[in-house]
Structures are given as C-alpha cells and as structure tokens.
Amino acid sequence: MKSDKKLIDENGKRLDGRGPDQLRNIKIEAGVLHRADGSCYLEWGGNKVIAAVYGPREAIPKHTQNPLKAIVKARYNMAAFSVDDRKRPGPDRRSQEISKVTSEALEKIVLTDQFPRAAIDVNIEVLDAEAGTRCAGLTAAGVALADAGIPMRDIPVACAAGKIGAENNDGMFSGGFVVLDLGKEEDNFGNADLPIAIAPRTNDIILLQMDGHLTFDEFEHALDLAMKGCQEISKLQKEALLRRYKSDVEVEE
Amino acid sequence: MTISPVIKQEHLYKLVEQGKRADGRQFNQYRPITIEPGIISKAEGSARVRIGNTQVIAGIKMSIGDPYPDTPDSGVITTAAELIPLASPDFEAGPPDQQTIELARVVDRGIRESEVIDLGKLCIIPGEKIWIIFIDIHIIDYDGNLFDAASLAALAALFNAKVPITQLMPMLEKIKEQYPDAAGYLQEHPEDYPLPLRDPPISCTFVKFNNAIVVDPSIDEQDIAEARITVATDPKGDIRAMQKGLKGSFTADEIKKIIKDSVINGSDIRKILKESVGT
C-alpha cells in the first residue's frame, strides 16, 4: 500500500480540497421509485446508490421465517458498469459480506417483533462507485425504510473515518492524519478505514468494520469523527423525508 | 390466477370494448418517454430511460480483448440484463431466469443484427486485439414494457459512449510494443472518440387482449395479455427485427397494422432519442 501521491498537505488540506473533518457532498431524495414500498436515491461524492424496501411481506422460503419476529434481508449489489473494470454481474464474496453486516445492522433498528413470520427486503443497488459504497447504501436504506413506513427505533445512518498520509517503513507506520469520509485515492492509498453505522439518537453502534493500522488514540479520534459525520448526515436524511412528505402533510391539514 | 387479476382483467376488457385504456391513452399511444444520457461517471456511456413509471438504466463498459476466430476483424458485443429485486416485488435475486435472458437476447439482436455499431471499426490489430463492448441493463422500476425501455436505454447509452483510449493507454502502449501495427490505430485515434454508430432501428411492443391491440403495455395490460409482439423498424420504415411472445395469436392483417403503427411510433421515439443524445 505504498503511494507516491501526497494525500494530505501540512495544513491538513486533502486532494479534493476538503479539510480533515469535512464530508463529501451528499444529496438525498426519498420516494424515487413507483413500484417499491419505500425508496431512496443518494449521491455521496462520486457514489450513486438506490435503495428500495419491500415489505413487511411473507418470508420466502418458509424455513427462513421466525415465528416471533420479522427478518430483515438486505441485498447489496453493484451494477456491472459502476466500477472502472466491468464487474461480473451477481453476488461475489465482498457483496455477500456487506449484505450480511447491513442486514444485521438494520435488524437492530427495525421493530421486528411487530411482524412475526414476515420479511422486510432491503435492496441496495450501487450504480456508480467511488469509495464508501457500504455507508452510502446503508444510509439510503435508512431513508427507504422510513419512506416505506416501517416502524423503527431510529433512522440508521453510516459514515466512515480513516487515516491517510502516514509514513510506512516496512510495516511500521508513523505520522498520518485521521480524516472523515475517505475519498477514492484516500481509500486506495490510505492507511486505515473505519466505516461505522449508528442509531443517531442514542449513538449506539450497529455496524463497525476496520482495516489498516490505527493506534488506540487514533481510533478514538476516528470514531469521534465518524460519529459526528453520522449526525450531520442524519440531518440530511430527515430533510429528505420532510421534503417528500411535507406537501402531503400540508394537504391533510 | 388470483382474485385481483381477474377483476382487473374484466375491467380492462370492458374498457377496450369502449375503445379506452385504464390510463386514458389511445390504443397506439405511448406513455411519456424521457431519456437522460451520461448519468454514470464510471461507465464509458450510460442512460436512464423512463417510459411512464418504468425505469431502466443501461451502462456501457469497454475493454480490449481477443476476437472470435470467425470474425477476426470485428469488435464484440455482450448484452446482459438484470431484473433486480429492487424493481418489482416479483423479481428475485439469483442467476438470470428465462424472462431476463429473453430480454437481453432481444435487445442484443436489435443492436447486433441491425448493425447499429460498425463492429469493423472496433478492431485494433486484425486477428489479435479488438474492442469488447459490454451493454449492461438494469431494471430499476417495473411498470411494463421492458423490451422497449431496455432497447432504448441500450441505444441511448451507446450514443453516449466514448471509446476509452486515455484510460486504457498503458494497455495500448503494451500492445504497441508487442504488435508494432497498433501504431497506426493509435495515430488515427489519439484520444477518446464516440462509438462508430449508424441510425438505429427503434423497437415498439404491442400486446393483444380481448381482440384489442395496444402499444406500450402497462404492467396490468401485460399481465392479462394473450399475445405480445415487438417490431423494430429503421428510419426508412423497413423492418429490422421482430419477436412474438406469449400463447395467443395474431392474424396476418393484425401484424401488418402493427408494423405500420411501429413505423409511426418509432419515428417519434427516434426523434426523442436524437434530441436527448444530441446527434
């Protein structure tokens, strides 16, 4: 993971001009699909994702049903044209893993005991990928679940922090900056990536993954940054939902 | 058949007897069509097509590969469709089923056999290196008539596509070392250039139920259809591809009328395509 590229300068300015604690631009639109029960389109830097929710509906195949509560089945899928070298269609090991940890994160948030034997299907489709698609996907899924009217404890939101610009001498890292929301080069040539998802009202962590190299202090800093990022994005999620339903509310009044 | 389609069927049957459709359209009238090209930055070409509530995204990726032995001087096209569970409660994850494969093959034939792409111009070294074009079609929202939406999205994405010379320059340089002949190709094409395309044929799909024939079926019309036919016609009004589906039948006169309606609708759609991709 060596790179000659300087990902961050002395003043903490990053390749794309962002400061260390700045997010890329995020655009969220709720209710974009006609057929799905709930949906969301989200742009996050160069990422474009769509999430669609179907359910609660009968869980099929039957043996997957839980007689006491609903199951949440997230499916993360990348379009063949979403990456530089065409990706073979269909699930690979990476997307299966992301689907699993996303399902588990969402299952914690949804009030599943209200719908025994049911499934809530969350389809996340990555149309354009540029670092951080799992966070973008989960954030879109949160809005789509709310748009579908699925009862939840909170609206889940995800964001990553990481470390870039450290000197790597035979695996011994020194220096480096902890930054929010890694961009493409930062993801490829950075030193660590820490995506998390939280329930923003309580700050409970519902998804956490990490790869690379962080000291304990750097981890604390990165986690703090990612949490703040999540809170910022949480506001955008709520604004998107409000835009979608404001006119309906006004008509009802 | 469940109860609700029976009720829907009776309703739609009654309407067509009075010359009407559920959404107020004429029998030979399409739903509104919009085309947005260039929406995916990672793709060499892309487009989103909406026909009513049906929404399809097509993306083009290109890579350098080896030609087939029987066509050593021609580029290669590969078309795949994904009916992802995002688009409809009835679509399931997993390997492509028959419906998906028929869709991809009909779109592929419409592009391949009509020679929209001048494949002869996608050769880098005859017999050795050619361009491979991957057309991937994602159904995002399903409200009927995937054939026309998918074909149109594939065409719009092709017109939006650029051959990625700059991006693949390191690979092209390597090819040049191996085959000095490649210098000629690189001299002619020093940077990204649009795909060599001809005026395309446009597909129009019709379904028949209760002795009425309607164009651009909505999902309810498609669900009760007895027979379906897709006709692709070119700018001269000639027929370039056809595919009949489902268990019902058409008379010869019906087919002739359908072809005439295809030419009229096709020329309107071709206008929308050209305006949106700017050719």
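These lines cover the structure that appears in this document, whether it is placed above or below. In this convention, every chain numbers its residues from 1, walking through the sequence in written order. Here the convention is simple: chains get letters from A, ligands get numbers from 1, in the order in which they are written. The predicted nature of this model means local features are confined to residues of pLDDT at least 70 and side-chain atom pairs, given and counted, to a pLDDT of 80 or more, with totals for whole chains, interfaces and linings taken over all residues.

### Some words on the overall build of chain A
Here is step 1 of the chain: A run of DSSP states H or I qualifies as a helix once it reaches four residues; a run of E qualifies as a strand once it reaches two. Both are numbered from the N-terminal end. Scanning chain A from terminus to terminus reveals 4 helices and 12 strands.
Here is step 2 of the chain: Values of the radius of gyration come from C-alpha atoms, whereas the globule rule sets the reference at 2.2 Å times the count of residues to the power 0.38. Over its C-alpha trace chain A gives a radius of gyration of 19 Å, about what one expects of a compact globule, namely 18 Å for 253 residues.
Here is step 3 of the chain: Each of the three principal axes of chain A carries a C-alpha extent, and together these read 55 × 45 × 35 Å.
Here is step 4 of the chain: Here the C-beta atoms are placed from the backbone, and a residue counts as buried if at least 20 other C-beta atoms lie within 10 Å of its own, exposed if 12 or fewer do, and partly exposed otherwise. Relative to its 253 residues, chain A shows a buried fraction of 50%.
Here is step 5 of the chain: In chain A, of all internal contacts separated by at least 6 residues, the share reaching a separation of at least 24 is 70%. Any residue pair is listed as a contact if its two C-beta atoms, each placed from the backbone, are within 7 Å.

### Considerations on the pairing of strand 9 (residues 202-209) of chain B
When a strand is regular, its side chains alternate between the sheet's two faces.
Residue and element names in this part refer to chain B.
Here is step 1 of the chain: Of all 8 residues in strand 9, 8 are buried, a share of seventy percent or more.
Here is step 2 of the chain: Residues of strand 9 alternate between two faces, with I202, C204, F206 and K208 on one and S203, T205, V207 and F209 on the opposite face, all of them buried.
Here is step 3 of the chain: Where strand 9 and strand 11 (residues 227-233) come together, 7 bridges link them in antiparallel fashion. Looking across to strand 11, one finds that T205 is bridged to T230.
Here is step 4 of the chain: When DSSP finds two or more bridges between a pair of strands, those strands are recorded as paired. Note: strand 9 against strand 10 (residues 212-215), 4 bridges, orientation antiparallel. The partner of K208 across the bridge, within strand 10, is I213.
Here is step 5 of the chain: The antiparallel hairpin formed by strand 9 and strand 10 contains 2 residues in its connecting segment, where N210 sits at a positive phi of about 50°.

### A look at the nonpolar core
For soluble globular proteins, the rule of thumb is that nonpolar side chains tend to be buried together.
Here is step 1 of the chain: We call a set of buried Ala, Val, Leu, Ile, Met, Phe, Trp, Tyr and Cys residues a nonpolar core when their C-beta atoms link them within 7 Å. Formed by 150 residues in total, the largest nonpolar core has its most connected members in V122(A), A140(A), A144(A), A150(B), A153(B), A154(B) and A156(B).
Here is step 2 of the chain: For this core, the leading source of residues is helix 3 (residues 146-160) of chain B, giving 12 residues.
Here is step 3 of the chain: Apart from residues lying up to four places away in sequence, A140(A) is in contact with C40(A), L42(A), V49(A), I50(A), A51(A) and I124(A).

### Considerations on the interface of chain B and chain A
Here is step 1 of the chain: Listed per partner, the contact involves 28 residues of chain B and 25 residues of chain A.
Here is step 2 of the chain: Breaking the side of chain B that touches chain A down by element, the ones donating at least two residues are strand 3 (54-65), strand 4 (76-82) and strand 6 (129-141) of chain B.

### Section: the sheet that holds strand 2 (residues 38-44) of chain A
All names here are of chain A.
Here is step 1 of the chain: Taken in spatial order, the 5 strands make up an open sheet running 1-2-3-5-4, and their pairing is mixed. Pairing within the sheet leaves two strands with one partner each, and these edge strands are strand 1 (26-30) and strand 4 (71-78). Neighbour-to-neighbour, the strand axes of this sheet turn through a mean angle of 15°, independent of strand direction.
Here is step 2 of the chain: Here strand 2 pairs with strand 3 (residues 47-58) via 7 bridges, running antiparallel. The residue of strand 3 that forms the bridge with E43 is K48.
Here is step 3 of the chain: Think of each axis as a best-fit line through the C-alpha atoms, taken over the contacting stretch in the case of a helix, with angles from 0 to 180 degrees between the N-to-C directions. Against the sheet, helix 1 (residues 93-109) touches strand 4 and strand 5 (118-128), its axis set at about 145° to strand 4.
Here is step 4 of the chain: Where helix 2 (residues 133-147) meets the sheet, it contacts strand 1, strand 2, strand 3, strand 4 and strand 5, and its direction lies at approximately 45° from that of strand 3.

### Points about the sheet that holds strand 10 of chain B
All names here are of chain B.
Here is step 1 of the chain: In space, the 4 strands of this open sheet follow the order 10-9-11-12, with antiparallel pairing throughout. Across the chains shown, the open sheet's two edge strands, defined by having one partner strand only, are strand 10 and strand 12 (239-245). Between one strand axis and the next, the sheet turns through 20° on average, direction left out of account.
Here is step 2 of the chain: Of the pairings in the sheet, the one linking strand 11 to strand 12 comprises 6 bridges and is antiparallel in character. Considered in strand 12, the bridge of T230 is made with Q243.
Here is step 3 of the chain: On top of the sheet, helix 2 (residues 98-112) reaches strand 9, strand 11 and strand 12; it is set at about 165° to strand 12, its chief contact.
Here is step 4 of the chain: Packed on one face of the sheet, helix 3 meets strand 9 and strand 11 and runs near 175° to strand 9.

### Some details on the environment of D181(A)
All names here are of chain A.
Here is step 1 of the chain: Residue position: D181 is located in the loop between strand 9 (177-180) and helix 3 (184-189).
Here is step 2 of the chain: Its 28 C-beta neighbours within 10 Å are what place D181 among the buried residues.
Here is step 3 of the chain: For the pair D181 and I28, spaced 153 residues apart in the sequence, the C-alpha separation amounts to 17 Å.
Here is step 4 of the chain: Ignoring anything within four residues of it in the chain, the contact list for D181 reads L23, R24, G132, C159, A160 and G229.

### A few points about helix 3 of chain B
Here is step 1 of the chain: The span you would expect from a helix comes to 1.5 Å times its residue count less one. Under the 1.5 Å per step criterion, the end-to-end length of helix 3 of chain B is 21 Å for 15 residues, consistent within 8% with the ideal 21 Å.
Here is step 2 of the chain: Of all 15 residues making up helix 3 of chain B, 15 are buried, and the element is well covered by its neighbours.

### Points about the packing of helix 1 of chain A against helix 2 of chain A
Helix packing for two helices is described by the angle between their axes and how far apart those axes are.
Residue and element names in this part refer to chain A.
Here is step 1 of the chain: Remark: helix 1 packs on helix 2, axes separated minimally by 11 Å, with the N-to-C direction vectors making an angle of 35°. Of the two elements, helix 1 crosses helix 2, and the hand of that crossing is right-handed. Across the interface between the two elements, I98, T102, A105 and L106 of helix 1 pack against R134, G137, L138 and A141 of helix 2.
Here is step 2 of the chain: Under the grouping applied here, Gly and all other residues not named as nonpolar or charged are polar, the nonpolar ones being Ala, Val, Leu, Ile, Met, Phe, Trp, Tyr, Cys and Pro and the charged ones Asp, Glu, Lys and Arg. Class assignment of the residues belonging to the contact of helix 1 with helix 2 gives a composition of 5 nonpolar, 2 polar and 1 charged. Should the near helix be turned counterclockwise from the far one by less than a right angle, the crossing is left-handed, whereas a clockwise turn marks it as right-handed.

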